[in-house]
Each structure stands twice: as structure tokens, then as C-alpha cells.
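Secondary and tertiary structure notes
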Amino acid sequence: MIKAILIFNNHGKPRLSKFYEHYSEDTEQQIIRETFHLVSKRDENVCNFLEGGMLIGGSENELIYRHYATLYFVFCVDSSESELGILDLIQVFVETLDKCFENVCELDLIFHVDKVHNILAEMVMGGMVLETNMNEIITQVDAQNKMEKSEAGIAGAPARAVSAVKNMNLPEMPRNINIGDISIKVPNLPSFK
Amino acid sequence: MALKIVKGSIDRMFDKNLQDLVRGIRNHKEDEAKYISTCIDEIKQELKQDNIAVKANAVCKLTYLQMLGYDVSWAAFNIVEVMSSSKFTYKRIGYLAASQCFHESTDVIMLTTNQIRKDLSSPNQYDTGVALTGLSCFVTPDLARDLANDIMTLMSHTKPYIRKKAVLIMYKVFLKYPESLRPAFPRLKEKLEDPDPGVQSAAVNVICELARRNPKNYLSLAPLFFKLMTSSTNNWVLIKIIKLFGALTPLEPRLGKKLIEPLTNLIHSTSAMSLLYECVNTVIAVLISLSSGMPNHSASIQLCVQKLRILIEDSDQNLKYLGLLAMSKILKTHPKSVQSHKDLILQCLDDKDESIRLRALDLLYGMVSKKNLMEIVKKLMLHVDKAEGTTYRDELLTKIIDICSQSNYQYITNFEWYISILVELTRLEGTRHGHLIASQMLDVAIRVKAIRAFAVAQMATLLDNAHLLTGNTQRNGICEVLYAAAWICGEFSEHLEDPLSTLEAMLRPKVATLPGHIQAVYVQNAAKLFATVLRGQEGAPADRTVAQETSQLLIDRLPLFVQSANLEVQERASCILQLVKYIQKLQQKDVEVAEEVTALFAGELNPVAPKAQKKVPVPEGLDLDAWINEPPSESESEDEGRKPKGKAVFAKEESKHTKPRYTEVDEKELAKRREVRKAEQANNPFYIKASPSSQKVYQDGVGVEHIPVVQIDLSVPLKVPDQYVKLEEERRQKDKADKKKKDKKKRREKGEKGRRRKGDSGPESEEDITPAHMVDITTEEMPENALPSDDDEKDPNDPHKALDIDLDKPLADSEKKLPVRTHRPDEVLRSPVDDGEGVEVVPELKKKSGKEKKDKKKDKDRKKSKEEKKKKKHKHEEGENLMGAGSEVPVQSEDSNEVAAPPPATTTNEEAAKVSEAPSASTPEAVSGMAVVPPDSEPEEAKDTEPEDTKSSKHKKKKQKKEKEEKEKKKKKKHHHHHHHSDGAGDESVQNGNVEEEEPLPPMSNYALLAENSYIKMMCDIQGNLQDGSQVVVSVIFENKCDSFIKAMEFNVLDSLNSKLQRPEGAGPHDGLTVPFQLPPGISNEARFVFSVQSIVMPQKLKGTLTFIVKTDDSSTHEKLDFKLHFTCTSYLITTPCYSDAYAKLLESGDLKGSSLKLEGVSQPFHHLLARICFHHHFSVVERIGSCASMYSRSIQGHHVCLLVKTADQTVSIDAKCDEPGLLGNVLDEIKLTFSQC
């Protein structure tokens, strides 16, 4: 079982949190903080497994994470999951995001966390892995987006126009937004097994 | 209208959407909280509006804020509103928000039940999907109970997308509503073979998750998983299955043996590291579970170790880490194979990754030997020097000590070396483990006499350099070592070369900065040293001044300690100060005092066994359990009962037993003390009695290592009165067969637990000692080991405990609250095309019978569903169970009772009970032939159920279309009739089409006459066992034809090479099986026997005998009846549903070989013909078009058999295909025979 999926950036800012067991908001934040603390102090090029899941459910759990540019993708899993399998799953997740957002960067996750949730929902459901085939995931996500668009129909047009206007100054956005939050590309796939 | 919408959305487009919110938050870095609170106010406004789009937008923003840690539960109702929007866009937002913030105590959840049900049955698969996804996150026991049926229906949805989600969510439903597990399980199991790989993977996922928690209940699925493992190519599925096998093998070593080969093949063939790793892991688990010492598996171990080496050598840190992790598992059972890779593991100690270094350290622990210990420790010491970061260094330190001290210093050949290592370790800065080093020093110095001189010298140096250790207050952890040093120097001061200077070192003013307990030891041991110095001077009167100077030194320095804030230090110091002053007076009078002073500290420190206290014999007439005073108030005793380790008990016991000089404390108490002691001294706290040269001591001798212990954590070493110690020693030296004493002891320990007693009763013998050790270890470590079986104690709230349900047991009627059974027959023949209809019909039917049951015998069922312990009860219930199954069938005709056998009887015998799992656990079998009305179920009850059934179904027809319901019902009837061997009332045929107009089917029975004589008649039916590819179940009906009582029936068969009767464990190959019932006159009953078969290609005949006793009023006679069991190939076939698409694929695959058959002059109607084939030969109709039908069946070993049956002018032609031509030929012959007979 996957107990939680967390995405946060190099500064520990949460970009997505999905807990498959209920915790209060405060506890969730604390878990995110502690996980960030554990993960961020590790060098690059060390293994991606961390024991000591004191946070969620005790010692049976472990943290499996990957670090892409400015983002950490952390899965908290119990012993029924294969460590390497989960690493692959994270890779599939990131590749899927990359396909869906066309060159994903942290900004995409910042502004479209709902979409990220929808993609994740096609991969993991209730803590169990639902689908690992990227094409299948993308097909389902696309089909749902299409439905959404068709529902919006004419009524959606004005809203789209407005949001287009709002995004007119988007090119400036990266500069307006401080620090290196942005500009992060997911490393190209071949480098991963 | 359209205008209004457009207008609404124009209003809306200037609302803040999620992107605006995010942007806003980012632009308000300084006053984020304030900004968000204004946003929340806005959101609250938006939520008040009627426009659902506005609400959805607001909820979407709330979901984001929830992630940032804001409580949004106040909007729960709005979330529900958005969830119930008809638009997918909003629905999805609503469900996402719900999945993020709803939980069991969210009260609006109960409002969602109907909405979710509606979404689940939505024609749009994404509505359903979104609802399932959401539900998976917030499902509550109530939701699970209310929606279980709907979800179960979705498990057979036409769309694989829905199927896989429905299958996955069932796990959550099981957790919240454990009662649903048994009814849903058969269908879940079917999904293991779903044509869609995603669904299959989901089913594997769920079952693995279930099985991991309660593996024993899923052992029977092992063959199925085994098949999946050898056939699946999906690595995810394979990994899950292989992991599952890892959990199952400890319970079933035979499974392990079977696994080795395919796993080894996978290891060789796969390129996926993840799969390889899990295979290796499971092979290791298998090897561990197989009792050690199986030489033929050394190849597997070698293979694993080799592959792991490759992983460890890989540049990928992850593989390296996992490789080491798996290696440590092998190490436990096969240390030798790992030891050869020492180089590699030492290399890993240099790795830059700390996790990897720690793993490597773990491994090293198991790899040391006498030969390499010093080398390894030397390497580790190097690492200690290099190590940065105290955590890792401390870890290294403890590992060094662990490695050296393991198994009672087994690997240390040179204790001088060890002492110097310990001394060297004291140079470590800032370690937390000073205490550990200290206890090692004490342990070695005390137990290894030969080393004392060396140790004392080293300790003296340490004391002399104490300022180095204490110089920095930061590293006070290490000063614990001084405690040991001071004590060793004092106690063994006779070995000191220059006691005076050591004494001087111990009384330096700097000492006063040490922790109190160390100062106390200093003071006490200074006195010991003083005694030694005096004695040393005694012989030489010339040096009397030295003695006096020493006294003066003490008198000068001790006042410092007298002022100590620490009570212990103060008390000892003032005591000793006065003593020394007195001695000084005597010295001035030239009185020889040395002897007297030495006498103060005289006496060898004697070894005390950890159990020494307990071993003290209880004097005659002393009852330790009797109260000395009046028993305390009841609260006290209650406390004692509940938590025997409580403090109160401790105190109580203590005071109670102070009177006897040798405090005899009760067992729990002692155990507790032992634990405390162990916790304090991580290492073995025994003394070694006789010193001599090093290590040999530990191996020889009658439990020498067991003897002694000293409670070194006391400020003054504990001394036990000599008499008892001597007694103890004597006893140890005596022969272990010293019965007298043992008996005495046993008598004394009568009240103790069995395993304790075993350990305690014979401490002398090596054999007895080992278990005694183990007892300690297990009692201590158990709580940490999260063994699955421990769950009860571990966490009473563990949801998985509730899922510990026996799934092999046939479903009882009480479980029909989720009546999968009612619609099982649909599934058998229905292909997914029909499902649209089924989806709507089935839930209603389910509820119907669910309600009926509830009404009728709710409480009764409750009790029953738990556990059937009494056979009688069990029997009764079984009967009802079957009744339940047949409740849609009209009342059975009388004569059916005669032939029909009561399965309940079989369950009286354990073995037979196992057999009976087959029919109920697998859909097809349940349908084919097993729906028999038991003779001992009252016909009234049968009639009762029928009208009630119809009645309740009428109630339920509110929304339901009447015709549909009726059609459904008829279909059910069809099945039951069809499979019912003695059904005279059957009036419909098998097919799923509109067949009402077709003629009734003649009665059929699968029970063939086996043998008969004047006393008894045997009928039998042979069925394959779906769960085990090598088993066939033979149901035999015994009918008593005479007027006498028949008893002691014994069923025996002469096994052939291919087919063997399965006998209970321990029975010989020629022993008969006792039939588990007796037969009164005129009564028949059924028993089942399991046979294992190897090849199923050929029919088989087995000769057998039934022996029995016929008992009349005045006499009884032994009789026997010979019979011949005929295993036809048909009996190896199992009715298996097949969808037409899968069927077509199968035929296209080209794996099947064809054969054909022509039957001339068959005059029966086509549907009868099909029904016959279905019934007698266990086929199912895939499709029927006109006078042509395709049929399918599968053998217990997974061979597919496909038939194409055509009829024209009384000629029936059957084209058949099967992947096993031999089997096919025989089946066709048997079909031919069937039709020639009628």
C-alpha cells in the first residue's frame, strides 16, 4: 500500500499532497515538513530509500523518493510494495506529467495542482497502484479533459478568453516570481532505468 | 436560458480562479496568512451563490488551501453540493475536494450515499470512475455497507476501466465492512483471470494485500497464483505475486519447493531489476522456510548470492542498497555463502552513502570469525577515525562492540587486544556510548581472570589521563568509562604496579566535576586502593612514612567529596574519611592495621547466575503465594491481574518477600528485572568463573557461561551470601541427571508456565541451557517483532484483524446479505454484452434476499457467521446454506431427498470439510450438481422460504420492471433445474436466450451407481477441484437398504501410480478412510473423498472396497462391498464460463488441436442435447445461433476444450479443439457414449 504521495520543492513548499489515510491538516503539514527535512539533507547520488517512516504508520513504512530539478517526489509505502517498482512508478508519474503538460516544470504543478491530482488518480487509487501503463493513463486523462471541454461549450468560451487575457503577461511571470522556482525541466528520460 | 448561462459565466469570469489564487499568494509573500484569510472570505461568499460553477470554483480553491494546511471542513456541505453536480467538470472537482478532506467523522458523508450510488451507475464511465476514486479515499463503514453491492456489480462492468477501479476499491470496502469479504471473494477470484491485464493486476493487488495480513486464509489460492506467475508477463503483477509467495511459503514449505524452479528461471531470464530482486527475495524466504540443511538447494543460494553481488557491484546506489539488504537475510541462515563476499562488503563501508554503509555494517556483524575478527575490527577502527557525523560513528562503535561481544565473545582469541580496542574507543569524541564501553570493560575484566593484570594496568593509565576524557564537558558521554576504570582498579588493585599513584589520580580535585555516580565509585575504590597500599607497605617498616602519607592524602582530599551535593558520594566519603582518620590514629601508635583494613574489602567476587535468586530452594513449609498481611483492596488485585508488570506489583512483591533472607521473587518479577538488566547492559552480563587462557573457557564446561552475573550498575557490586553461591556452583558441577534436585526444583516451580519450567529445571545441561536462552530472547524481543500472528496483541484496532476470515469455508446463508450467489448463475452463461441489463437487475435481487434473511433470522445468523464450533450447529447451518442457495427454486420433489446427499454430513469430518470448500468457493461447481436439498432440512422450511421469497420480491418491485425480475428468476430456475440431478419439474432449458417455448428437459443425474448389495447402495459423482489442479473430489452417497443399523464404514481404494486417495497425515498408503457417519435403516448420506491425480489425459479405473458393520438388535456382522471407481476424462473438466470474445481469441490462437465426432440418429431437441453436454460433461454454452452452438470447458489442469456443435436431420456433428489431443479424444468418446445410452 502507498500511504502518502508528496511533492514539494527544494524549499519544502508543498506542491501536491495526497494522503491515503486521514490526518488532520496540522499533522499533514508536519509530515510534509519532516519528510522534507529527511529527504533534503541527503546528497544526490545516494540511494533513494529512507527507513524511519516514523511519520506515517511507524517503522513498517519507508520513504521512496526521487529528486527532479527543483522537485522532490516522495512516496511513503509499506512493505508490500517493491522498492524498485515504486521508483519506476515515480518515473512513470513524472513522464506522464511531462507528456500531459508538454515539458513539465514546477510552475505547471504550482498552477494546476488539480490536474496533477487527476493524473495521479489514474495511476494510484486509494493507495493501490491502478495503472502503470503511461499510454493508458494519458488516454484516460485526455478523454476526461475532452469531456470537460465539451461540457464547457459556449458557456466556457468567455472564461477561456478571460484566462487567456490573464495569461497574456505570463511570459513575464517567471521573472516576477522570485527565485529559481521555475525553469525546471524534468530531466530527459533516457537517463533513468 | 442559454443567455442566462452565458451571462452567469461572464459574471464568473472575473471571479478569482485557482490560478489567480496561487498567483495572489505568491505575490503576497510577506502577509500570506492575511491574504489567504481574505481569499477564504471571498470563497465563503462564492459558496453562498446558487451558480454551481461559482461553487465549484470556490471548492477548487479550497482544495488548494487544504494542501497548504488550512482546515476546510466547514465547507463539507458545499463540497457535497459540487459532487452532485450533473456536469463531470464540477463533479470531478467535488470528488477531489472530498477525497482530500473527508474522513470517517465527517458527518455530511452520510448524505452522499445516494449520490455516489447514482454516479456509480452512471452511463458515463468517467462519472463512475471519479466516484470510485473519490470513494476509495473517504469510504466509511456505512458507505461500504450500503454500496458494497453496487461496487460488486461494477466488478463485472463491460468497461475494463471501471472493472479495475471497482476491483481495487473492494479492498477498502473489505477493510471497512469485513462481512463483505466472503460473499465478494469468489468474484474477486474470477477477476484474477480477467481478460484485461489491468483488471487482473488490480485483482492480484487486492488479494495480495489481503493475503499479506492473513496469509493462511489464502493458501488455497496458491495454485492459481502459481499458474498466473508462470503465465503472466506483466512485471507489476509478477512482483506482487512473488511477494505474496514470500509471505505464503513460511506457512507451507511444500509450496516453497515448487517455487524454487520457476523463480530460478525468472531470475535467469528477466531483465527487470525490480523483478529480479523480488525473485531473489522470495527464493531467500523459501530457503529460510525449508528446514535448513537441504544440500540440493545450495545451488539456489549460490545463485541468489551471485545475483546480489551483481546488484551490490552496480553503480546504482539503489541496487547496492537493496542488494545488501537482501544479503543480510541470507546471512541469517546461510552465513557461509555470504562470508565469501567479505571483500565486497568491506568495500561498501567506504561508500559515500550512509544508508549503504549502515547496511554493510549489519552484514559484517554476521560475517566475523575467529580468523578475521581482528582484521575486520581494524578496518572498522579506521572508519571510526574517518567518520564524520556522530551518528554514523556511534553506529560504528556499537557495531564494533556487538561484533566482538557476540555469542559470549565467541570470536575473540586475544582479550588483551580487545581491552586495548576498548581503551582506544574511549578516545572517540562526543560519543553517546561511554556506558556501553564501560560495561564491556567491566564484563571482560571480571569474567576473564587472566586478563585482569593487563586490564588493571590499562585502566590505571586511563585514570591517570582522566583529564583527557573529561576535559571537554561536551563529551561527558565517554566519562562513563571512568566508572569502569575506577572500579576495576579498586577491585583488582592487587594487580596494580603502583597503587599509590593511581590512588593519587583518583583523588584529584578534578574528579569532583564528574557525575555523582562515578564519584561514588571513585570514593569507594579509593578506600580499596588505600587498603592495598597499606598492605604493600606492611612488610617494610622503614617505609611506614609512606603509609602515613597515604592516610594523610586521603584525609586531605576526601573532605572535597564530603561536601558533594550527591548523597551517595557524601555518605561514602564521610564514612571513609572517619575510617581513615581512625586508621591514622592507629598508625601513629604504630599499630599494624593493614590486615584489618584489607579485611574490609576481602573476598573474591563470586559469580552469580542470572537465575541464581530463583534457584534458591524454598524452605519446607513456606508458601510464597500466601499473603503475609491481609490482601489489599480489590483495586490492587485487579491491577495485578491486568498488568502484572505494574509498579505496584513490584513494590508489593518486594515488601512481601523481604523476610526470607534470599529474596525469592516471583517469576514475572524476575523476568521484568531481567529485562531491565538486559536493557541496561546491552551485552552479556555473565561472569566467567574460571579464568584461564582465553576463549576455550566459553565452549567447554557445563554451562560455565551461564553461571555468573553481577549487577554492576549498583554502586557497590552485589554480593550474594556465599552459601548460596556455593550451592549454585556445586549444583552446576554435578551431573545433570541429578534427579533429586531437579524434582525438588520442579516442585518448586510448579506454578510456572510450561516453557519457563523447561528452561529452568535443568540448568546444568547444555541442551537445557540453550532453550533457556531462547526463552529469554523471545520473551524480550517479541513485542518488537511485528509478526502477523501478533496482531491481536499489537493493535486491537488493526483493521486487518477483522479480515482474518476463512475464505475456503462454504458461504453460509447468513452471508447472503451480500448475495452474490443469487446472481452467480447469470455470470456463468452471460457474456458481458448482457451486462447492461444485469447491472440493473441484480442489485434488486440482492436486496431482496438480503432483506428476507435479515427479517427472518438476523440474530441467529450473526452468531453463526462468526464461527461454527459445534458440529451439530455446523451441520444445521450447512443445511440452511443449501436451502438458501435453492431458495429461488420451487420446492424439491420428495424423491429428490432419497437420492440427494446431505453435504452437511461431510463436514463433520475435518478432511471432508476441506473437500467441501471446492463446490462453494468456485462458482461453476456450486452450480453444477451441488445444489442438493439435504434430507435433514425440514421440507416445511423449504416451503416457507419460497412464498416469502416471492413476497419480498414483490415488495421490491417499486422501481423494478416486473418482467425483468421474472425473467431473471426464471433464469435462475433454469440453472438449478439444469444442474439438479433429480429435478422432475424442470421445464426450461439451459440457454440464455428466449427459450420459453422449448420443451422441458428430462431429469438428469450425475450420480452413477457405484456398487450395491443387499445392505448398502453407493452412488457416486466425480468432480474436479478447481482450486487444485491435481485433485478430484469424489462424492459418494451411501444408502442403507436394510433394516439394520450400519456403522464403522471404511472406504478404501487401491491407489494406482496416477491416482491416489488422499489420506490424513500419518496414515499409511493402504489405510482406509473412516466414513464420518453411521446410517440408520433407510437413510442415505453423502461423504466426499479427495483423490490426487497426476495425468488427466486418460480415464482411470480404481478398485476399492467398503467395509462396514451391520448391527442388528442381537448381533453385528462385518460386511464388505467391492466397487470400481471410474474417473472419466469428463470428470476432470470444470464448467467454466467463457465470453465469446475470449473464446474467439482462444480459437484463433492456433494452440489448439482439432478433432471431430458425428452422432447419427439423435432425436432429441437441440437444447436438450446441449443441456446434456453441459450437464454430463461440464461444458458451458458460449454462444448459440439456431442449430449451432459453441461450448467451452476447462480441465482442472487448465486445458481448454472448445466444442462447436451443429445439428441437422438427426445428425449431430461436433467439432472439437483442445490443447491436449489425448484428453480431447477421450472426452469425445465419453460424449458419444452418453448419447448412445439415451
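Scroll up to find the structure this text is about.
Right, let's walk through the structure included here. The structure presented is a predicted model; accordingly, all values stated were derived computationally and were not measured.

About the criteria used
- Here the residue numbers are simple positions, counted from 1 along each chain's written sequence.
- All chains are assigned letters beginning with A, and all ligands numbers beginning with 1, in the order in which they are written.
- It should be noted that, the model being predicted, local features are given only for residues of pLDDT at least 70 and side-chain atom pairs only at 80 or more, the latter also being counted only at that level, while totals for whole chains, interfaces and linings use all residues.
- Derived side-chain values reflect all non-hydrogen atoms in the structure, with water molecules and hydrogen atoms excluded from consideration.
- Numbering of helices and strands starts at the N terminus; helices are DSSP runs of H or I of at least 4 residues and strands are runs of E of at least 2.
- Relative accessibility thresholds used throughout: buried, under 20% of the residue-type maximum; exposed, over 50%; partly exposed, between the two (1.4 Å probe, protein chains only).
- In what follows, residue pairs with any heavy atoms lying within 4.5 Å of each other are defined as contacts.
- With residues, only the protein chains shown are counted as cover, and all accessible areas are computed by Shrake-Rupley using a 1.4 Å probe.
- Pairing between strands is defined by DSSP: at least two bridges between them are needed.
- Only the contacting stretch of a helix is used when fitting its axis, a line to C-alpha atoms as for every element, and angles between N-to-C directions run 0 to 180 degrees.
- As used here, buried area is the combined drop in accessible area, with a 1.4 Å probe, of two parts when they are placed together.
- What counts as a salt bridge is simple: a side-chain nitrogen of Lys or Arg found within 4 Å of a carboxyl oxygen of Asp or Glu.
- In the analysis that follows, any N or O atom pair within 3.5 Å is treated as a polar contact, provided that within protein one partner can donate a hydrogen and the other can accept it, and provided that, for residues neighboring in sequence, both atoms belong to side chains.
- Two kinds of site are reported from a 1 Å grid over the protein atoms alone, namely cavities, where a 1.4 Å probe fits but cannot get out, and pockets, open sets with protein on both sides within 12 Å along at least five of seven lines, and residues are called lining when an atom falls within 4 Å of a point.
- Grid points are joined across faces, edges and corners, and a volume is the space filled by probe spheres set on the points.
- Gly is placed with the polar residues, together with every amino acid not listed as nonpolar (Ala, Val, Leu, Ile, Met, Phe, Trp, Tyr, Cys and Pro) or charged (Asp, Glu, Lys and Arg).

When its secondary structure is counted, chain A shows six helices and seven strands. Mapped from its N terminus to its C terminus, chain A presents α and β elements in the order β-β-α-β-β-β-α-α-α-β-β-α-α. Looking at chain A as a whole, 59% of its 193 residues qualify as buried. If you take every contact in chain A between residues at least 6 apart in sequence, the share linking residues at least 24 apart comes to 55%. Accessible area for chain A stands at about 8000 Å²; split by element, carbon and sulfur atoms hold 53% of it.

This brings us to the sheet that holds strand β1 (residues 2-9) of chain A. All names here are of chain A. Strand order in the open sheet formed by five strands is β2-β1-β5-β4-β3, with antiparallel pairing between adjacent strands. The outermost strands of the open sheet, each flanked by one partner alone, are β2 (14-19) and β3 (49-50). The pairing of strand β4 (residues 62-68) with strand β5 (residues 71-77) spans seven bridges and is antiparallel. Along β5, the bridge assignment pairs Ile-64 with Phe-75. Lying on the sheet, helix α2 (residues 83-101) is in contact with β1, β3, β4 and β5; it crosses β4 at an angle near 35°.

Attention now moves to the interface of chain A and chain B. In this assembly, 68 residues from chain A lie in contact with 73 residues from chain B. Roughly 6300 Å² of surface becomes buried between chain A and chain B when both sides are summed, with 54% attributable to carbon and sulfur atoms. Summed over the shared surface of chain A and chain B, the number is nine salt bridges. Two residues, A:Glu122 and B:Lys165, come together in a salt bridge whose shortest N-O distance is 3.7 Å. Taken together, chain A and chain B are joined by 33 residue pairs in polar contact (both at pLDDT 80 or more). For the side of chain A that touches chain B, the secondary-structure elements that each account for two or more residues are β2, α1 (25-40), α2, α3 (106-111), α4 (113-123), β7 (128-129) and α5 (134-166) of chain A.

All names here are of chain B. Within the secondary structure layout, Val-1212 lies in strand β15 (residues 1211-1218). When the C-alpha positions of Val-1212 and Leu-1169 are compared, they lie 9.2 Å apart, and in sequence the two are 43 residues distant. Excluding its chain neighbours within four sequence positions, the residues that come into contact with Val-1212 are Leu-1157, Lys-1158, Leu-1159, Val-1162, Leu-1169, Val-1205, Lys-1206 and Thr-1207.

All names here are of chain B. Taken in spatial order, the four strands make up an open sheet running β6-β4-β8-β9, and their pairing is antiparallel. Strands with a single pairing partner mark the edges of an open sheet, and in this sheet they are β6 (1073-1074) and β9 (1116-1127). Where strand β4 (residues 1045-1053) and strand β8 (residues 1100-1111) come together, seven bridges link them in antiparallel fashion. Considered in β8, the bridge of Glu-1050 is made with Thr-1107.

Glancing now at empty space enclosed by the protein. The calculated volume of the second largest cavity comes to roughly 230 Å³. Taken together, 24 residues make up the lining of the second largest cavity; nearest its centre are A:His117, A:Asn118, A:Ala121, B:Leu96 and B:Thr133. It is helix α8 (residues 125-138) of chain B that contributes the most residues to the lining of the second largest cavity, seven residues altogether. Among the residues forming the lining of the second largest cavity, the class breakdown is eleven nonpolar, nine polar and four charged.

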